[in-house]
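Fold and geometry: a report
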Amino acid sequence: MGTIGQHLLNGMMQGTIYGLVAMGFTIFFGVMNVIKFSHGDVLTVGAFAALVAVWATSALGMPVYVQFIAAFIAAMILTAVVGAGISHFLIMPLRNAPPLNMLLMTMMVGTLLREAIRLFFPNGTNPQRFPELLPAGGFSLGRSFFRFDALILIVAGVASIGVVYWIINRTKFGLAMRAVAEDVETARTMGINFARVIPLTFALGSLTAGFAGTIYGLYYSEINYGMGLLLAVIGFTAAIVGGLGNIWGAIIGGYLFAGLQTLVVAAMPSMSDYKNVFAFVLIIVLITWRPTGLLAERGSERV
């Protein structure tokens, strides 16, 4: 198996996951100036919802492609509901509170979700095996080998990023989101229902996490109750690097972080266990050089 192709696929896969997580952070911040640190744990909820959906459809004798579709649908629906619920019952009542209160609240919500999975999911303390639903094998191109499952998941992830971008920039709901992000009071005078737009915005940002969690489970064939912690840190870092509040910046930041990890693994295989350390060090240098991110937030359009 060619190592170049494998490194490329791993980097693309990780970058797609990080980009999806970073998009969620950017959507929350761009519309409500909220840094929602429960985002990674919402991703975990989505991954476990996908696993339950696979178990259920498998027990009913459904074909593999139905299990695959059911996994994504279950993850996205549940994470959208969780995100909208957090927004309606917690974010909205605290929208005028100090930012530190909001930050603390989202961290506690994340801990609650994480511990609920650990305590109440069957054998939740231990990693859960995620069934392999995609075709095995792959094809060779030169000295590189490309896995079919990785290519399918990368295409699905990139397509989902494109769909979210289209929703934000080409639909009436996206227009309402951008209007609220620009000026809440002016948006209200234009007839935009603020109380409806915000929960739907958080639902959209959260379902990207559910999609990312499902991709993670399908690719790595394993999920665990703490998987969202590191993914949230990396996703938030990617959003900062790209320019918090800029959708394209979040995507670029996700692929950049994954690229740095992959570079460390490819160039120094013996140091692969320290890939996150090297990546974070380089990101710190980058942030010091560009404090506003690679793509600074545009004042006229925040999401």
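Data block above holds the structure.
For every chain, the first residue of the written sequence is number 1, and numbering continues from 1 along that sequence. Thresholds applied to this predicted model are a pLDDT of at least 70 for local features of residues and 80 or more for the giving and counting of side-chain atom pairs; totals over whole chains, interfaces and linings are not thresholded and use all residues. For the side-chain quantities, the full set of heavy atoms in the structure was used; hydrogens and water were omitted.

Take the packing of helix H3 (residues 64-91) against helix H8 (residues 194-220) next. Helix axes are fitted only over the stretch in contact, all axes being lines through C-alpha atoms; the angle between N-to-C directions runs from 0 to 180 degrees. Here a helix means four or more residues in a row that DSSP labels H or I, a strand means two or more in a row labelled E, and each is numbered from the N terminus. Following both chains from N to C, one finds H3 and H8 inclined at 145 degrees, their axes separated by 7 Å at the closest point. Once H3 is placed against H8, the crossing between them reads as right-handed. Seen from H3, the contacting residues are Phe68, Ala71, Phe72, Ala75, Met76, Thr79, Ala80, Gly83, Ala84, Ser87 and Ile91; seen from H8, they are Ile198, Pro199, Phe202, Ala203, Ser206, Leu207, Gly210, Phe211, Thr214, Ile215 and Leu218. Here the contact of H3 with H8 is built from residues that sort into 16 nonpolar, six polar and no charged. Helix crossings get a hand from a simple test, with the near helix turned counterclockwise from the far one by less than a right angle marking a left-handed crossing and a clockwise turn marking a right-handed one. For this analysis, residues touch if any pair of their heavy atoms sits within 4.5 Å. As a working rule, the residues Ala, Val, Leu, Ile, Met, Phe, Trp, Tyr, Cys and Pro are called nonpolar, Asp, Glu, Lys and Arg charged, and the rest polar, with Gly in that last group.

Looking now at unusual backbone geometry. For Asn33, which is not glycine, the phi torsion reads 55 degrees and is therefore positive. Position of Asn33 among the secondary structure elements: in the loop between helix H1 (3-32) and helix H2 (39-59). The exposure class of Asn33 is partly exposed, given its relative accessible area of 48%. A positive phi angle, close to 60 degrees, is found at Ser221, a residue other than glycine. Positionally, Ser221 belongs in the loop between H8 and strand E4 (222-223). Remark: exposure states derive from per-residue accessible area (1.4 Å probe, protein chains only) relative to the maximum for the residue type, with buried under 20%, exposed over 50%, and partly exposed in between.

In globular proteins that are soluble, nonpolar side chains generally tend to be buried together. Side-chain atoms within 4.5 Å link the members of a nonpolar core, which is a set of buried Ala, Val, Leu, Ile, Met, Phe, Trp, Tyr and Cys residues. The biggest cluster of nonpolar side chains holds 85 residues, and the ones touching the most others in it are Met32, Ile91, Leu153, Val180, Ile198 and Ile215. Discounting residues that sit within four places of it in the chain, Val180 has contacts with Val31, Ala187, Ile192, Phe194, Val197 and Ile198.

Turning next to H2. The α-helix advances 3.6 residues per turn, and as a result positions three or four apart in sequence lie on the same side. Take the number of residues in a helix, subtract one, and multiply by 1.5 Å to get its expected span. Over its 21 residues, H2 runs 30 Å from end to end, which matches the ideal 30 Å to within 8%, given 1.5 Å per residue. Two residues or fewer past H2, Gly61 is found with a positive phi of approximately 80 degrees.

Before going further, it helps to examine the packing of H2 against helix H9 (residues 227-242). Viewed as axis vectors pointing N to C, H2 and H9 meet at an angle of 130 degrees, and their least axial separation amounts to 7 Å. Here H2 lies oblique to H9, going by the angle between them. For the element pair H2 and H9, the recorded crossing hand is right-handed. Here Gly40, Leu43, Thr44 and Ala47 of H2 come into contact with H9, specifically with Met227, Gly228, Leu231 and Ala232. Its residues assigned to classes, the contact of H2 with H9 comprises five nonpolar, three polar and no charged. Throughout, the term roughly parallel applies to angles under 35 degrees, roughly antiparallel to angles over 145, roughly perpendicular to angles from 65 to 115, and oblique to all others.

In this model, helix H5 (residues 148-170) (23 residues) spans 32 Å end to end at C-alpha, consistent with the 33 Å of a helix rising 1.5 Å per residue. Looking only at H5, the buried set comprises Asp149, Ala150, Leu153, Ile154, Gly157, Ser160, Ile161, Val164, Ile167, Ile168 and Asn169. Check the buried side of H5 and you find it contacts H1, H3, strand E3 (144-147), helix H6 (172-182), H8 and helix H10 (247-267).

Two strands qualify as a pair provided DSSP detects at least 2 bridges between them. Where strand E2 (residues 138-141) meets E3, four bridges bridge the pair, whose relative direction is antiparallel. Across the sheet, the residue bridging to Ser140 is Phe145, located in E3.

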